[in-house]
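# Topology and contacts: notes
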Amino acid sequence: MSEPPGRLVWNHSTHISGLIPVLERLTRQPGIKTVTPGALSCARGRIPKLQLRVSIPIRGGYKLVARKGSSVQEVFVVTDLSQSELEAAIRRCLE
């Protein structure tokens, strides 16, 4: 029996362009329980393409940082995956 997909929590009304479809794909990865986009802010540098990387471990998962253009958004992921397994899942979702 396969495990049910994780869930995407909608806390904010604004998100980085293109982030939500990637997070929806991430919730369908095995081992992902909850994905919650967090605060949106601006950065000095510009990243032309959406980038999602693991930042720090949190209780029960990891904090990710999403960047595109000058926008930066935190994303919290509750998961049983290790950091390297989560990074591999993120790469699959960004392809």
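About the criteria used
- Residues numbered from 1 in each chain as written.
- Predicted model: local features only at pLDDT ≥ 70, side-chain atom pairs only at ≥ 80, totals over all residues.
- Heavy atoms only, no water.
- Buried < 20%, exposed > 50% of the residue type's maximum accessible area, 1.4 Å probe, protein only.
- Helix = DSSP H or I, 4+ residues; strand = E, 2+ residues; numbered from the N terminus.
- Arc of directions from axis to C-beta.
- Contact = heavy atoms within 4.5 Å.
- Pairing = 2+ DSSP bridges.
- pLDDT = per-residue confidence, 0-100.
- Salt bridge = Lys/Arg side-chain N within 4 Å of Asp/Glu carboxyl O.
- Axes fitted to C-alpha atoms, helices over the stretch in contact; angles between N-to-C directions.

### Some thoughts on helix α1 (residues 19-27)
What α1 keeps buried is the set Leu-19, Ile-20, Val-22, Leu-23, Leu-26 and Thr-27. Projected down its long axis, α1 carries its buried residues within an arc of 160 degrees, all on one side.

### Here we look at the side chain of Thr-34
Within the element layout of this structure, Thr-34 appears in strand β2 (residues 32-58). Excluding anything up to four places from it in sequence, Thr-34 contacts Arg-7, Val-9, Phe-76, Val-77 and Val-78.

### Observations regarding the pairing of strand β3 (residues 61-79)
As paired strands, β2 and β3 are joined by 16 bridges and run antiparallel to one another. Across the sheet, the residue bridging to Cys-42 is Ser-71, located in β3. Taking the residues that link successive antiparallel strands as the turn, the β2-β3 hairpin has two residues, and the phi of Gly-60 there is positive, at about 85 degrees.

### Observations concerning the confidence of the model for the chain
Within the chain, residue pLDDT values average 92, and 97% of them lie at 70 or more. Averaged pLDDT values over the elements of the chain bottom out at 92 in strand β1 (residues 7-8) and peak at 96 in β3.

### Focus: the pattern of salt bridges
Enumeration according to the criterion identifies two salt bridges in this entry. Here Asp-80 and Lys-33 are joined by a salt bridge, their closest N and O atoms 3.0 Å apart. With Asp-80 in the loop between β3 and α2 (83-94) and Lys-33 in strand β2, this pair connects stretches of sequence that are 47 residues apart. Of the residues examined, Asp-80 reaches a relative accessible area of 60% and is grouped as exposed.

### Examining the sheet that holds β2
Backbone hydrogen bonds hold the strands of a sheet together, and the pairing may be parallel or antiparallel. In spatial order, the strands read β1-β2-β3; together these three strands make up an open sheet with mixed pairing. Pairing within the sheet leaves two strands with one partner each, and these edge strands are β1 and β3. Across two bridges, the pairing between β1 and β2 is parallel. Within β2, the residue paired with Leu-8 across the bridge is Val-35. Seen against the sheet, α1 touches β1, β2 and β3 and runs at an angle of roughly 150 degrees to β2. Contacting β2 and β3, α2 crosses the sheet at an angle of about 60 degrees to β2.

### Considering the environment of Gly-31
Residue position: Gly-31 is located in the loop between α1 and β2. With 47 residues separating them in the primary sequence, Gly-31 and Val-78 have C-alpha atoms 8.9 Å apart. Excluding residues within four positions of it along the chain, Gly-31 makes contact with Glu-3, Val-78, Thr-79, Asp-80 and Leu-81.

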